[in-house]
Amino acid sequence: MLKIKSFLITMCLLCAALFGKAQFSFKTNTFSMQLSEKGEIENLLDNHSSKDYFPKTAESFLLQVKSGDKVLSPNSSNCGKNTINFKFENGVVANVSVKEANNYLAFYLTEITNPDQVDAIIWGPVATVISDTIGEFIGVVRNADYAIGIQALNAKTTGGVLDNPEGAVYERGTTAIAQEYGSSLQAFCINRGKERKVNVRAYHNFKEAPVAPNPDASLMGSGIALFGSKPENVIDVIGEIEVGEGLPHPMINGEWIKKSEQTGRAYMIAGFTESNVDTLIDYAVRMGMLSLYHEHPFKNWGHFDLLEDQFPNGIEGMKKCVEKAKAKGIHLGVHTLTTFTTTNDAYVTPVPHPNLAIAGGSVLGNDIDETSTEIEVAGPKYFTFKSSLQSVRIGDEIIRYQKVTDEAPYKLVGCIRGAFGTVKASHKKGQAVNKLQDHPYKVFFPDWKLQKEIISNMADFFNKTGVSHMDFDGHEGAYSTGEGDFSMDYFAEEFQKQIGHTVINGSSRSNHYYWHINHYLNWGEPWYGGFRESQSDLRFRNQQLLERNYMPNMLGWFLLTPTTTVEDIDWMMARAAGYNAGYALVARLEALKNNPNTDKVVKQVRDWEDAKRAGVFNKEQRERLKNPDNEFHLKRINENEWELQAFTKFSFEHENLLVQPGQPTYSEWNFENKGKEQAFIIKLLAKGNEGVLKNPVIELDNFYEIEFPVTLKTGYSMVYDGSAKIRIYNKKGRFVEEKEFNKEIPNISTGTHSFTFDATFEDADGMSVSGTIKLQGGSEIVSK
C-alpha cells in the first residue's frame, strides 16, 4: 500500500511540474478522489467503470474552517507522506492524516494552529452528481450503479450541515442532502475548547445558554471516512470502517446488528411485574415476539430506581424476571427518557445537584430570607421566557416563580419557596440565581458533567439486571448540555461501552453517528386515533426514510384493547408483511384478559409473524400487502403453508339531497361478487360539517331490507361484519360501543347484485354517507 501511495504522490508531483498545478490523488479498491492545490475536490471516480461522479460546476472541499460568521476554504494545500497540509487566510494551518484502506479513505485532523480563530471545522461538502436515493442521516447517496458515502469517525464529529453554534441537526438528517447538481455529503466538528453561548432546544428554545469548555471534545482527532462502492456493498464497507477505525460495531448472538435478522423484529409492550411476568412472557412467546418491553418501570429518572409496587425485590426482582424471559428466548426491555430527570429524583430533592442544566441566570439584587416571595435580580434576560416548571436555583434551594417584572428593579414575583422538597433558606445579595432548563414532562435536565453520571447510573442498572432492550426516548434531551448532536451520540456510545452485554436499542431521533449503535427506529404512536388510524400517514412515510438510510423497516406502536379484532390484526400484519417490518404491540394484561378474542388475536399475530420471517411473500404480493386500502386474511394450513385471502371493496357515496315531496331519496348501485358465497359485510361513515345520521337502510336485490338501528354523528362510523354485532367508532377511529343486531341476513351469492341505500339526516350541514361493502376475493397458497 505504501508503494502505491508513493507512486501516486510521484505522479502528482510530475503533473505539477508539467502543468503548474499540484493534484493529490487518493485511492481504494473501488474509489478514487483527487484534490487540487487549493484543497478542492476535482473528481470522484468509480475505479471499475472510470465514471466520474463529481459535478464540475460545484465548489467542493475536503476541509474548511468556520471563523465567526465566515466559512473559509483553504488558500493552499500540500500533500506529504500520509498527510495533507491546509492553509487558510486567517493564519490557521490544519494538518490532516490520510489512510488509504482497501475500501475507504480515512482523514483525521491531527494539528491546527490558532485554534482560537476557529469555531468549527467542516468536512466537505463533498459534491456528487448522484440524486436518485439520498440517505440523509446515514450519509450515503446512491443510484442503480454506484454509491458514495461519508462516515464520521467519532462522536464529536457530527454528520450534517453546520447551521447553528450548538452543533445540532434538528432535521431527520443532513449528512447527505439534495443539491441542484445532485447531492452533497458533509460533517463538522465544533471547537468545544472555548466558552460559548448557544440556543438550547431540548424542547424549549432557551436562548444564549452558557456552555463551558468541554475537555472531552477537542478539535484534534475529528475525522471522516469517504468511500465509493456498489450499492449492495455499502453495509459491508461501513462494517469495514467500523472495525478498522474503532467505531461501535455491536453484535447480537455473534452477528453484527446491521446484518442480523434479530434487528427490527416485533416486540410486545406491557407493564410486567414480579407477579405477572410469567403470564406476559408466555403471551410474548405465543406471538413470536423478540422481547417483552416495560413501558414505565421507574419511580424516577436520573437514578432509575424501580417502582416498589411492581418490583418489591428491586434490582434482584427485575433480574429474576430477566432470567425467566431469557429461559424462554425472550429479551426483557425497559423504557427510558434518556436524560430527563424527574423532580422526585435525588438529583433534584432534597438537595439539587449543582450540575442540573441551566438556561442562564443573574445575581440577587438584595438579601432575601426564607419567606420572601419577591426576589430582586440584577437583570431579567433569562427569566422572561416562560418554561414548563418556571424554576430557578439559588444555592441548594429551588424556587418557582410566576414571572419577572418588566422594569427595574427587576423582580421574580409569585415565588414558591423550597419547591420540589428542597429547603427554604436565606440568600445573600450577589448570589447566583440560575434558571433551570425543563420540559413539559415536568422534568429537569443535566449539564455535561451530570449527564456522564446519569449514563453510568443507567449502565449500572442494565449491568445488574441483565435487561437487554431499551429506547433512548427523549434522546434530544441531551441537547440540554449545549453540545448538540455530540451529546446524544456520546450518551449512546458511552452507555454501550459501559454495559457488559448487548442491549437492543431504539431512539426518538435519527442521527448519523448513532446509526452505528442503533438497532431500529420505531415511530408512530397509538394514542391519537383508532387501531388503524393513529398516525398512519407518519408510519408509512417513515418506511421510505428507513429504507434510504439502510435501517430495518418498523411500523411504530399499535395498541391492543379489549375491542381489538382479528380483522384489525390482519390489517396491521399485512402492512408488516408488505414492508417486512417490525412493530411494537402494546398488549397490557388487562386488555388481554378482557378481549374475548385474545386467543384468536394472539394466534393471528403468530401466523403472520411466522410467514413473514419465513419470507414466503413474493415481491408482487408484498406490494399489495403494503397498501393500507387492501385487506387480507392469513390462514395457516400447516407448518410450511398458509392461505392468503384477499378482499375486494365496493365503495359508494350517498348524498343528503333536497327533493320534491314524494320523490324517493334513496341511491342505487350494482356490485359484483367474484368470489364464493359469503356473509354481507359493510362499513358506513357519516361525513359532513354537522348533523346526525339515523337508521340507515339497505335493500338487497329488490327484496331484502336491512335497517341498522344506529345513530351516527358526523365523523362516526359503524361496521357490520356478518355477526350479531354492530360496532360504532368515533371520528378518530376509536371504538365507542357495540350494539346487538340479531337480524338474519342472507349471504351474498356469486354474481352481480343490486342495492339501494337511504337514511334519515337530522340537523344536517353538508352531510353524506360513505359506504364500503367488503367481499372476499381470490386466495393463494404461500409456502416456505
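Residues numbered from 1 in each chain as written. Predicted model: local features only at pLDDT ≥ 70, side-chain atom pairs only at ≥ 80, totals over all residues. Heavy atoms only, no water.

### Observations regarding the pairing of strand β44 (residues 704–707)
Keep this limit in mind: Think of it in three bands: with a 1.4 Å probe and only protein chains considered, a residue is buried below 20% of the maximum accessible area for its type, exposed above 50%, and partly exposed in between. Elements are defined by DSSP. Helices are runs of H or I of four residues or more, strands are runs of E of two residues or more, and each kind is numbered from the N terminus. Strand pairing requires that DSSP identify at least two bridges connecting the strands.
Burial along β44 is one-sided: Y704 and I706 are buried, and none of E705 and E707, which face the opposite way, are. The hairpin formed by strand β43 (residues 690–700) and β44 contains 3 residues between the paired strands, and D701 there has a positive phi angle of roughly 50°.

### Here we look at the pattern of salt bridges
Heads up, the condition is: One speaks of a salt bridge when a side-chain nitrogen belonging to Lys or Arg is within 4 Å of a carboxyl oxygen belonging to Asp or Glu.
Considering all chains together, one arrives at 36 salt bridges under this definition. With a closest N to O distance of 3.1 Å, D278 and K324 form a salt bridge. Within this pair, whereas D278 is found in helix α3 (residues 277–286), its partner K324 is found in helix α4 (residues 314–327), the two being separated by 46 residues in sequence. For D278, a relative accessible area of 36% translates into the label partly exposed.

### Observations regarding the layout of surface pockets
Applicable threshold: Grid spacing is 1 Å over the protein atoms alone, the probe is 1.4 Å, and a cavity is where that probe fits but cannot get out, while a pocket is an open set with protein on both sides within 12 Å along at least five of seven lines and lining residues have an atom within 4 Å of a point. Grid points are joined across faces, edges and corners, and a volume is the space filled by probe spheres set on the points. Ten residue types, Ala, Val, Leu, Ile, Met, Phe, Trp, Tyr, Cys and Pro, are classed as nonpolar, four, Asp, Glu, Lys and Arg, as charged, and the remainder, Gly among them, as polar.
Approximately 720 Å³ is the volume attributed to the second largest pocket. Forming the walls of the second largest pocket are 26 residues, and the residues nearest its centre are H335, Y441, D473, S508 and E525. Its residues assigned to classes, the lining of the second largest pocket shows 10 nonpolar, 9 polar and 7 charged.

### Some thoughts on helix α8 (residues 566–579)
To keep things clear, this is the line we draw: What a helix is expected to span follows from its residue count: subtract one and scale by 1.5 Å.
Its 14 residues give α8 an end-to-end C-alpha distance of 20 Å, which sits within 8% of 20 Å, the value for a rise of 1.5 Å per residue. Of all the 14 residues making up α8, 13 are buried; the element is thus mostly covered by neighbouring parts of the structure. Positive phi shows up at N580, right after α8, with a value of about 50°.

### So, unusual backbone geometry
A cis geometry characterises the amide bond from G124 onward to P125, with omega recorded as 5°. At the junction of A408 and P409, the peptide bond is cis and its omega measures out at -5° in the coordinates. Note on placement: P409 falls in the loop between β30 (403–404) and β31 (411–413). Its identity is not glycine, yet N82 carries a phi of approximately 65°, on the positive side. Within the secondary structure, N82 sits in the loop between β6 (76–80) and β7 (83–87). Note on N82: relative accessible area 26%, which makes it partly exposed. A positive phi angle, close to 55°, is found at E208, a residue other than glycine. When you line up the elements, E208 lands in strand β18 (residues 206–211). Among the residues examined, E208 registers a relative accessible area of 38% and is labelled partly exposed.

### Section: the side chain of D485
Formally: Residues scored as positive are Lys and Arg, those scored as negative are Asp and Glu, and His as well as the terminal groups of each chain are ignored. In what follows, residue pairs with any heavy atoms lying within 4.5 Å of each other are defined as contacts.
Structurally, D485 is set in helix α6 (residues 484–498). One buried charged residue, D485, remains without a salt bridge, the closest side chain of opposite sign being R509 at 5.3 Å. Each residue touching D485, except ones within four places of it in the same chain, is listed here: T158, G167, A168, V169, Y479 and N511.

### So, the sheet that holds strand β26 (residues 358–363)
What counts here: All axes here are fitted lines through C-alpha atoms, helices being fitted over the stretch that makes contact, and every angle between N-to-C directions spans 0 to 180 degrees.
Taking strand neighbours across the sheet as the criterion, the 4 strands line up as β26-β32-β28-β29 in an open arrangement whose pairing is antiparallel. Two strands lie at the open edges of the sheet, namely β26 and β29 (397–400), each paired on one side alone. Here the average twist between neighbouring strands, direction ignored, is 30°. As defined by bridge partners, strand β28 (residues 391–394) adjoins strand β32 (residues 432–436) across 2 bridges and the pair is classed as antiparallel. By the bridge assignment for β32, V392 is matched with K435.

### Description of the nonpolar core
One recurring pattern in soluble globular proteins is that nonpolar side chains are buried together. Keep this limit in mind: We define the nonpolar core as a collection of buried residues of types Ala, Val, Leu, Ile, Met, Phe, Trp, Tyr and Cys that are connected through side-chain atoms lying within 4.5 Å of one another.
Among the nonpolar cores identified, the biggest contains 137 residues, and M268 and Y583 are the most heavily contacted of them. For this core, the leading source of residues is α8, giving 9 residues. Listed in part, the 43 residues of the second largest apolar core include L35, L72, F88 and L219.

### With respect to the environment of A225
With respect to the helices and strands, A225 occurs in strand β19 (residues 223–229). On the basis of relative accessible area, A225 is assigned to the buried category, the value being 0%. Beyond its immediate chain neighbours, meaning those up to four positions away, A225 contacts Y104, L105, A106, G149, I150, Q151, L153 and I241.

### With respect to the pairing of strand β2 (residues 31–36)
Most of β2 sits out of view: 6 of its 6 residues are buried. Bridge count between strand β1 (residues 23–27) and β2: 5 bridges; the pairing is antiparallel. Each residue of the ladder has a partner; that of S25, found in β2, is Q34. Between β1 and β2, which follow one another and run antiparallel, lie 3 residues. Inspection of the sheet shows β2 paired to strand β3 (residues 41–46) by 5 bridges, in the antiparallel sense.

### Observations concerning the packing of aromatic side chains
The condition is simple: Two aromatic rings, drawn from Phe, Tyr or Trp (for Trp, its six-membered ring), form a pair once their centres lie within 6.5 Å of each other, and the interplanar angle then sorts them: stacked below 30 degrees, edge-to-face above 60, tilted otherwise.
Scanning the model with the defined rule gives 39 aromatic pairs in all. For the pair W448 and Y490, a centre-to-centre distance of 4.7 Å together with 45° between the ring planes defines the contact as tilted. Here W448, found in helix α5 (residues 448–465), pairs with Y490, found in helix α6; they are 42 residues apart in sequence, far enough to count as distant. Residue Y490 is classed as buried on the basis of its relative accessible area of 14%. Here the aromatic rings of F708 and Y720 are separated by 5.8 Å at their centres, their planes lie at 50°, and the arrangement is tilted.

### Topic: the environment of S67
Relative to the helices and strands, S67 resides in strand β4 (residues 63–67). Overall, S67 belongs to the buried group, its relative accessible area being 18%. C-alpha separation for the pair S67 and P115, spaced 48 residues apart in sequence, amounts to 9.8 Å. For S67, the residues in contact, after removing those within four places along its chain, are L72, N90, Q117 and D119.

### Quick look at the side chain of R192
Mapped onto the elements of the fold, R192 is located in the loop between β16 (182–190) and β17 (196–200). With relative accessibility at 0%, the residue R192 sits in the buried group. Once you skip the residues sitting within four places of it in the chain, R192 turns out to touch K156, E166, P213, N214, A217, E483 and F486.

### Some remarks on the sheet that holds β30
Strand order in this open sheet of 3 strands is β27-β31-β30, and the pairing throughout is antiparallel. Looking at strand neighbours, the two that pair on one side only are β27 (375–376) and β30, the edges of this open sheet. Where β27 lies against β31, 2 bridges are found, and the strand directions are antiparallel. The residue bridging I375 from the neighbouring strand is L412, located in β31.

### Details of the packing of α4 against α5
Put simply, the rule reads: We call two directions roughly parallel when the angle between them is under 35 degrees, roughly antiparallel when it is over 145, roughly perpendicular when it lies between 65 and 115, and oblique otherwise.
Their axes nearest at 8 Å, the elements α4 and α5 cross at an angle of 55°. Taken together, the axis directions place α4 and α5 in an arrangement best described as oblique. Contacts between α4 and α5 pair I315, M318, K319 and V322 from the former with F461, K464 and T465 from the latter.

### Regarding α5
Counted only if it meets this: Each polar contact in these results corresponds to two N or O atoms within 3.5 Å; when the atoms are within protein, one needs to be able to donate a hydrogen and the other to accept it, and residues that are neighboring in sequence are counted only if both atoms are side-chain atoms.
Its 18 residues place the ends of α5 26 Å apart at the C-alpha level, agreeing with the 26 Å of an ideal helix rising 1.5 Å per residue. Those residues of α5 that fall on the buried side of the exposure criterion are W448, L450, Q451, I454, I455, M458, A459, F461, F462 and T465. Those residues of α5 that are buried lie in contact with α4, β24 (331–336), β25 (341–342), β35 (469–472) and α6. Taking the backbone nitrogen of K449 as reference, a side-chain oxygen 3.1 Å away marks D447 as the first, capping residue of α5. With its phi angle positive at about 85°, G466 sits one or two positions after the end of α5.

### Quick word on the packing of α3 against helix α10 (residues 598–614)
Two elements in contact, α3 and α10, have axes separated by 8 Å at closest approach and are oriented at 45°. When the axis of α3 is compared with that of α10, the two are oblique. Here Y283, V285 and R286 of α3 come into contact with α10, specifically with T598, D599, V602 and R606. For the contact of α3 with α10, the class distribution of residues is 3 nonpolar, 1 polar and 3 charged.

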